[in-house]
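The residues making up each chain are set out below.
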Amino acid sequence: MIQTESYKLSMGPVHPSTHGVLQVWLTLDGERILRADPCMGYLHRGIEKLLEKRTYFQCLPYTDRLDYVSAMNNNLGYCSAVEKLAQIEVPKRAQYIRVIMAELNRIASHMIFIGSLAVDLGATTGMIYPFRDRERILDIFNELCGARMTYSYIRIGGVKSDLAVKVISMIDDFLAKLTDMIDEYNDLLTGNEIFQYRLKNTSILTAKQAMELGITGPMLRASGVSYDLRKDNTYCSYEDFDFSIPLGEKGDNWDRYIVRLKEMSESAKIIKQALAGLPTGEFMAKVPKVLKPPKGEVYDVTEGPRGEVGYHIVSDGSAKPYRVHIRRPSFINLQALDIMCRGYLVGDVVAAMSTIDPIMGEVDC
Amino acid sequence: MQGKGLLVGLAVTLKHFFGKKETVQYPEEKIPMTEAFRGGKLLLDEKKCISCKLCAMACPNTALDLTVEIDENKKRHMKNYIHKAGRCLYCNFCVEACPVDALSWDKNYENSCYYRENLTYDAVENNRKDEKNG
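Residues numbered from 1 in each chain as written. Chains lettered and ligands numbered in written order. Predicted model: local features only at pLDDT ≥ 70, side-chain atom pairs only at ≥ 80, totals over all residues. Heavy atoms only, no water.

Chain B is annotated in an unreviewed UniProt entry as NADH-quinone oxidoreductase subunit I from Pectinatus brassicae.

With an unreviewed UniProt entry as reference, chain A is termed NADH-quinone oxidoreductase subunit D, source organism Pectinatus brassicae. In its Catalytic activity (unreviewed entry) section, the UniProt record describing chain A reads: "a quinone + NADH + 5 H(+)(in) = a quinol + NAD(+) + 4 H(+)(out)". Per UniProt, chain A carries the Subunit (unreviewed entry) text "NDH-1 is composed of 14 different subunits. Subunits NuoB, C, D, E, F, and G constitute the peripheral sector of the complex." (UniProt positions renumbered as here; feature names shortened; annotations may be inferred.)

This is the structure:
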């Protein structure tokens, strides 16, 4: 009998495929993984504590810095929680603009996912194309609010500014090209045999495991559970739009890739409908200059590109929140890494980590 | 057929190899910033400014340090308008808070520097320098 001994390998915190500063302690038996322990905290900034010292309006720029590749969705989550707490009615036009921006940001975020998955698997060319196309969306946001990543565009009670004609034409232009862009990804990556071999039947996460861990978002849907807050707990006029929820079957890396790829076309459908039916009227509700929500607490959830973005805000009746807790989807989804890696090879850790799609700014908060 | 996917992928890259370039040669060629772009240094229009300090109050990260002096006619003047760019979140709240539209960004994105102290500047002082240089 050959005697084998397990050993520990540290992956990260400075590793190109950890999407930031994440350290993973791998316990290995030869090439096989026995255990994978994510060790985080390298990007902790204490945002939850910082928010306690700021007024409700001043908290907003900090939510940009949680999940920095989909800041619009974080803005939306925070604002809708505060609006629920202070009972502010958002005008219909603002709700539609919010939907357009959140969905555009979802597409941008999924493009980052495809690009980083490709580069993690060694296909550098596959990264360049989605990143080039994402730049078109960032151009739209730059025209809209003057920032490429930290938007602070969605405000308490509405949005910062109305949609200009130029921005609408830029969005139309982008949507017209999106089908070609997705076709290009299919040609480059989806059809590629090496890409398929690396992703199919690896890092399987069953529906039961995913639900037990509290996984949400595209990862849960890839395991075959139809749970999308845009349909199941509608907010921000999502009930007005007709779209479907792509589901996976097995819950392997391939399903997680395909679900996100299909979600991009669904998001485009929503944006088209929202632009076509954009109501006229105000883009900002009447919000007092000093916002003092009544005593109490609120938990509000929205569907971000990575899952359920939840804000739990406790108000003591003053202009500053007493406590803010943020449910960050990346943080909770990262728990699945251990289950997804056990029994697979070292090379599959990179693919598993990539399909979880964690953003360290959000994991560490 | 095994390997067909690879060839299709190669065809995509080959098509783009002869296509239009997406990149610009940066230091020689610069992309213009948008109208709404927020970044660079703050420009203070002292003629418009009423020294109300609302901008400093709106700032989430206390990046603005202002001193106001009152002259013999009991009129308020901005003596120092110190912007600590190292603390700035570039959220635009100061510009939006201004009731008289006295604040704007200079839209210069090349604002990296060697020393941390160089990130801090005085907008009033910058105005004086500009006046001197015409």
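Engineer: Tell me about the overall build of chain B, and name the residues and values.
Structural biologist: Across its full length, chain B carries four helices and five strands. Along chain B, helices (α) and strands (β) appear in the sequence α-β-α-β-β-α-β-β-α when read from the amino end. By its C-alpha atoms, chain B is 90 × 35 × 30 Å across when sized along the principal axes. Taking all 134 residues of chain B together, 31% fall into the buried category. Sequence separation of 24 or more characterises 69% of the internal contacts of chain B that already satisfy a separation of 6 or more. Accessible surface computed for chain B: about 9600 Å², of which carbon and sulfur atoms make up 55%. (Helix = DSSP H or I, 4+ residues; strand = E, 2+ residues; numbered from the N terminus. Buried < 20%, exposed > 50% of the residue type's maximum accessible area, 1.4 Å probe, protein only. Contact = heavy atoms within 4.5 Å. Areas by Shrake-Rupley, 256 points an atom, 1.4 Å probe, with all protein chains shown as cover.)

Engineer: Outline the sheet that holds strand S1 (residues 7-11) of chain A, listing residues and values.
Structural biologist: Residue and element names in this part refer to chain A. Across the sheet, which stays open at both edges, the three strands sit in the order S1-S2-S3 with antiparallel pairing between neighbours. Each of the sheet's edge strands pairs with one partner strand only, and the pair in question is S1 and strand S3 (32-39). Strand-to-strand, the axes of this sheet are offset by a mean angle of 25 degrees, without reference to chain direction. Direction of pairing for S1 relative to strand S2 (residues 23-29): antiparallel, over a ladder of five bridges. Within S2, the residue paired with Leu-9 across the bridge is Leu-26. (Pairing = 2+ DSSP bridges. Axes fitted to C-alpha atoms, helices over the stretch in contact; angles between N-to-C directions.)

Engineer: Please give an account of the packing of helix H4 (residues 92-120) of chain A against helix H5 (residues 124-145) of chain A that cites residues and values.
Structural biologist: To describe two helices that pack against each other, one gives the angle between their axes and the distance between the axes. Residues and elements named next belong to chain A. Interhelical geometry of H4 versus H5 gives an angle of 160 degrees and a closest axis separation of 8 Å. With respect to each other, H4 and H5 are oriented roughly antiparallel. Taken as a pair, H4 and H5 cross one another with a handedness that is left-handed. Across the interface between the two elements, Met-101, Leu-104, Asn-105, Ile-107, Ala-108, Met-111, Ile-112, Ile-114, Gly-115, Ser-116, Ala-118 and Val-119 of H4 pack against Thr-124, Gly-126, Met-127, Pro-130, Phe-131, Asp-133, Arg-134, Ile-137, Ile-140, Phe-141 and Leu-144 of H5. Taken together, the residues of the contact of H4 with H5 sort by class into 16 nonpolar, five polar and two charged. (Parallel < 35°, antiparallel > 145°, perpendicular 65-115°, else oblique. Left-handed = near helix turned anticlockwise from the far one by under 90°. Nonpolar A, V, L, I, M, F, W, Y, C, P; charged D, E, K, R; others polar.)

Engineer: Go over the packing of aromatic side chains, please, and point to the residues and values.
Structural biologist: All names here are of chain A. Taken as a whole and judged by the stated rule, the model has 10 aromatic pairs over all chains. Here the aromatic rings of Tyr-235 and Tyr-238 are separated by 5.2 Å at their centres, their planes lie at 70 degrees, and the arrangement is edge-to-face. Taking the relative accessible area as the measure of exposure, Tyr-235 reaches 12% and is therefore buried. Look at Tyr-238 and Phe-243: their rings are 6.3 Å apart centre to centre, the planes differ by 65 degrees, and that puts the pair in the edge-to-face class. (Phe/Tyr/Trp six-rings, centres within 6.5 Å; stacked < 30°, edge-to-face > 60°.)

Engineer: So, unusual backbone geometry: which residues are in play, and what are the values?
Structural biologist: Residue and element names in this part refer to chain B. Unlike most non-glycine residues, Tyr-90 shows phi in positive territory, near 50 degrees. Notably, Lys-107 is not glycine yet its phi reads approximately 60 degrees, a positive angle. Topologically, Lys-107 is positioned in the loop between strand S4 (103-105) and strand S5 (120-122). Residue classification places Lys-107 among the partly exposed positions, given a relative accessible area of 29%.

Engineer: Before we move on, could you go through the interface of chain B and chain A and cite the residues and values that matter?
Structural biologist: Taken together, the 27 residues of chain B in the interface contact 30 residues of chain A. Note on chain B versus chain A: buried area summed over both sides is about 2200 Å², and carbon and sulfur give 49% of it. In this structure, the connection of chain B to chain A is made through two salt bridges. Between Arg136(A) and Glu22(B) there is a salt bridge; the shortest N-O distance is 3.3 Å. Our enumeration of links across chain B and chain A arrives at 18 residue pairs in polar contact (both at pLDDT 80 or more). Listed by contribution, the elements that provide at least two residues to the side of chain B that touches chain A are helix H1 (4-17), helix H2 (54-58) and helix H3 (93-97) of chain B. Examining the composition of the side of chain B that touches chain A, we find that nine residues originate from one element, H1(B), more than from any other. For the side of chain B that touches chain A, the per-class residue count stands at 13 nonpolar, nine polar and five charged. (Buried area = accessible area lost by both parts, 1.4 Å probe. Salt bridge = Lys/Arg side-chain N within 4 Å of Asp/Glu carboxyl O. Polar contact = N/O pair within 3.5 Å; in protein donor to acceptor, adjacent residues only side chain to side chain.)

Engineer: Can you break down a nonpolar patch on the surface residue by residue, with the values?
Structural biologist: Residues and elements named next belong to chain B. The grouping of Leu-14, Phe-17 and Phe-18 at the surface amounts to a nonpolar patch, some 410 Å² of accessible area in total. Examined against the element boundaries, Phe-17 turns out to sit in helix H1. By relative accessible area, which is 59% here, Phe-17 ends up exposed. (Patch = residues over 30% accessible without salt bridge, like charges linked within 9 Å, V, L, I, M, F, W, Y side chains within 5 Å.)

Engineer: Give a detailed account of the nonpolar core, specifying residues and quantitative values.
Structural biologist: Residues and elements named next belong to chain A. In terms of nonpolar packing, the biggest core is built from 90 residues, with Met-101 and Tyr-257 touching the most fellow members. By residue number, the principal contributor to this core is H4, which donates 14 residues. When residues no more than four places from it in sequence are discounted, the contact partners of Tyr-257 are Phe-113, Ile-114, Leu-117, Tyr-185, Leu-189, Thr-190, Phe-195 and Leu-199. Ranked by size, the runner-up nonpolar core spans 25 residues in total, among them Met-11, Leu-337, Val-349 and Met-353. (Core = buried A, V, L, I, M, F, W, Y, C linked by side-chain atoms within 4.5 Å.)

Engineer: So what's going on with the environment of Ala123(A)? Which residues, and what values?
Structural biologist: Residues and elements named next belong to chain A. Residue placement: Ala-123 occurs in the loop between H4 and H5. Ala-123 gets classed as partly exposed once you look at its relative accessible area, which sits at 27%. Each C-alpha atom, one on Ala-123 and one on Phe-195, is 8.7 Å from the other, the two residues being 72 residues apart in sequence. Apart from residues lying up to four places away in sequence, Ala-123 is in contact with Ala-118 and Leu-189.

Engineer: Could you give me a rundown of the packing of helix H6 (residues 165-190) of chain A against helix H11 (residues 253-276) of chain A, with the residues and numbers involved?
Structural biologist: Residue and element names in this part refer to chain A. With their axes 11 Å apart at the nearest point, H6 and H11 run at an angle of 160 degrees to one another. Taken together, the axes of H6 and H11 lie roughly antiparallel to each other. Considering how the two elements wind past one another, H6 and H11 form a crossing that is left-handed. For the pair H6 and H11, the contacting residues are Ile-168, Ile-171, Asp-172, Leu-175, Leu-178, Ile-182, Tyr-185, Asn-186, Leu-189 and Thr-190 in the first and Trp-254, Tyr-257, Ile-258, Leu-261, Met-264, Ser-265, Ala-268, Ile-271, Lys-272 and Leu-275 in the second. Taken together, the residues of the contact of H6 with H11 sort by class into 15 nonpolar, three polar and two charged.

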